[in-house]
Amino acid sequence: MFTKFRSYLLFILLSALLFLGSLGQSTAFAGDSYFQTVEALRTELGGYHSSLRPNERYSVGERINAALLAVLQEEESLTAKPEDILCDGQFALLFGDWVGAGETRHRLIILRPYQIDMGSMTTIFVQTRSGDKVSMAEKLHSMVQTTAIGQLVYAEIIATGDGLLLPLVEKRYGPEHKYVTIYSWKLADGGWQVYSRPPGVTEKGEWAIRSGPKSFVISHSSLSWKSQNDYMITASRGDIEIQAVGKDNTPFDSITVRLVDGTWVVE
C-alpha cells in the first residue's frame, strides 16, 4: 500500500515538474524570439556604411526595414525605448505618442539615417496595440534619397470626424524645382489605406498643385532648383501652411491646405 502511494506521489511530483518546466521553456522562448529579432536588426545595421553604392545602400536599407518590422511585431517592443533596439550611431529611431480610444491605440515609428546619401531612406511604420499585445505593425512609407533630395517635415496620426487619418509632408529639392509632396492614409478594413483626396484645384496665384494616385505636389513659380528661395512649412492636426521665403527667411507668399471631413481644401 505504501509503495503504491509513494509511486503515485512521485508521479504527481514528476508531472508538476514537467508542467512548470514547460512554462519556463515557453517564457524563455518568447524572450529569445525578441532577442533574436533585435540581434537580426543590429546585424543588418552593421552592414550599412558610407562606402556602399546607392543601389547597395537601398538594398541594405530594405533589409533593415524588414528586420525592424519583425521587432515591432513582438510584444516586448511596446515597452522598449529606441536605445534598447538600436545600438548603431548611423540611425535615429523615433516613437510617436499613442493615439486612439479604449484598448486599441496606434503610434508612428520613424527610422531615419543621420547622413543623407543617395539610396538612403527614411521609413515610417505604424504599430497598433490592443492592451499589452501587438495587433498590427506595418511599414507605411519610405522616402528614398534620389536625384531629388527629400526631407520629412511632418507626419501625425489624427482623429477626425472621418476616423483616424495620417497626413505626411515631404519637402523635395529636385533637379529642376523645389516642391512639397503631401500624402495621407486612413485607417480602414484593419489597416492603413492610401487616402488621397486632393484639392480640386490646379493652381492658386503663383502656386501650382499637381495630383497623383497616392499624393499631390505643391510648388511655387519662384522656387527653382538654383533659387535661394525656399519653403517653410508649419503643420498641426492636418492643417499645413506652406510659405515661400527669401534667402533671409522672410515670407513673400503662402498657401494653406487643411483636412476638412477627409478632403484636402486649399485656402
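Residues numbered from 1 in each chain as written. Predicted model: local features only at pLDDT ≥ 70, side-chain atom pairs only at ≥ 80, totals over all residues. Heavy atoms only, no water.

Let's talk about the pattern of salt bridges
So, step 1. Inspection of every chain in the model, using the stated rule, returns eight salt bridges.
So, step 2. One salt bridge in this structure joins E39 and R42, with 3.6 Å as the shortest N-O distance. Taken together, the positions of E39 and R42, both in helix 1 (residues 2-46) and three residues apart, correspond to about one turn of that helix.
So, step 3. For R42, a relative accessible area of 25% gives the class partly exposed. (Salt bridge = Lys/Arg side-chain N within 4 Å of Asp/Glu carboxyl O. Helix = DSSP H or I, 4+ residues; strand = E, 2+ residues; numbered from the N terminus. Buried < 20%, exposed > 50% of the residue type's maximum accessible area, 1.4 Å probe, protein only.)

Here's the deal with the nonpolar core
So, step 1. Among the nonpolar cores identified, the biggest contains 22 residues, and L41, I64, L68, I85, L86 and L111 are the most heavily contacted of them.
So, step 2. Elements supplying a minimum of two residues to this core: helix 1, helix 2 (54-72), strand 1 (91-95) and strand 2 (104-113).
So, step 3. Per-element accounting of this core gives the leading share, seven residues, to helix 2.
So, step 4. The contact partners of I85, leaving out residues within four places of it in the chain, are Y34, V38, L41, R42, L68, V71, A80, L93 and F95. (Core = buried A, V, L, I, M, F, W, Y, C linked by side-chain atoms within 4.5 Å. Contact = heavy atoms within 4.5 Å.)

A few points about the side chain of E170
So, step 1. Position of E170 relative to the elements: it lies in strand 7 (residues 163-173).
So, step 2. A distance of 2.6 Å separates a polar atom in the side chain of E170 from a polar atom in the side chain of H141. (Polar contact = N/O pair within 3.5 Å; in protein donor to acceptor, adjacent residues only side chain to side chain.)

Quick word on the packing of aromatic side chains
So, step 1. Counted by the stated rule, this structure contains four aromatic pairs.
So, step 2. An angle of 10° between the planes, with centres 5.9 Å apart, marks the rings of Y183 and W185 as stacked.
So, step 3. For Y183, a relative accessible area of 16% gives the class buried.
So, step 4. Taken together, a centroid distance of 6.1 Å and an interplanar angle of 35° make the contact between W207 and Y231 tilted. Here the residue W207 occupies a position in strand 11 (residues 207-211), and Y231 occupies one in strand 13 (residues 230-236), the gap between them amounting to 24 residues. (Phe/Tyr/Trp six-rings, centres within 6.5 Å; stacked < 30°, edge-to-face > 60°.)

Thoughts on the sheet that holds strand 13
So, step 1. Ordered by their spatial adjacency, four strands build an open sheet running 13-14-15-16, and the pairing between neighbours is antiparallel. Where the open sheet ends on each side, the last strands, each with one partner, are strand 13 and strand 16 (263-266). Sheet twist, expressed as the average angle between the axes of neighbouring strands with direction ignored, equals 20°.
So, step 2. When strand 15 (residues 251-260) meets strand 16, the two strands line up antiparallel, connected through four bridges. Looking at the pairing, L259 lines up with W264 of strand 16. (Pairing = 2+ DSSP bridges. Axes fitted to C-alpha atoms, helices over the stretch in contact; angles between N-to-C directions.)

Considering helix 2
So, step 1. Taking 1.5 Å per residue as the helical rise, helix 2 with its 19 residues ought to reach 27 Å, and the 27 Å between its terminal C-alpha atoms agrees with that figure.
So, step 2. Listed in full, the buried residues belonging to helix 2 are R57, V60, G61, I64, N65, A67, L68, L69, V71 and L72. (Expected span 1.5 Å × (residues − 1).)

A short note on the confidence of the model for the protein chain
So, step 1. Here the protein chain averages 87 in pLDDT, and 88% of its residues register 70 or above.
So, step 2. Every residue in residues 1-30 scores below 50 in pLDDT, and together they form one contact with partners more than four places removed in sequence or on other chains. (pLDDT = per-residue confidence, 0-100.)

As for the sheet that holds strand 4 (residues 133-144)
So, step 1. Within the open sheet, the four strands sit side by side as 1-2-3-4. Their pairing is antiparallel. If you trace the sheet from one side to the other, it starts and ends with strand 1 and strand 4, each paired once. Sheet twist, expressed as the mean angle between neighbouring strand axes with direction ignored, is 15°.
So, step 2. Across ten bridges, strand 3 (residues 121-130) lies against strand 4 in antiparallel orientation. What sits directly across from S130, in strand 4, is K133.
So, step 3. Strands in contact with helix 2 are strand 1, strand 2, strand 3 and strand 4; relative to strand 3, the strand with the most contacts, it is inclined by about 10°.

Thoughts on a nonpolar patch on the surface
So, step 1. Together, I116, I149 and W225 line one region of the surface with nonpolar side chains, adding up to about 280 Å² of accessible area.
So, step 2. As for its placement among the helices and strands, I149 is situated in strand 5 (residues 149-155).
So, step 3. The class of I149 is partly exposed, set by a relative accessible area of 36%. (Patch = residues over 30% accessible without salt bridge, like charges linked within 9 Å, V, L, I, M, F, W, Y side chains within 5 Å. Areas by Shrake-Rupley, 256 points an atom, 1.4 Å probe, with all protein chains shown as cover.)

Here we look at the side chain of Q127
So, step 1. Mapped onto the fold, Q127 is located in strand 3.
So, step 2. Overall, Q127 belongs to the buried group, its relative accessible area being 0%.
So, step 3. At 2.7 Å, the side chain of Q127 forms a polar contact with the backbone oxygen of L72.
So, step 4. For Q127, the side chain forms a polar contact with the side chain of R107, separated by 2.9 Å.
So, step 5. Each residue touching Q127, except ones within four places of it in the same chain, is listed here: L72, S77, L78, W98, R105, H106, R107, I109, V134, M136 and A137.

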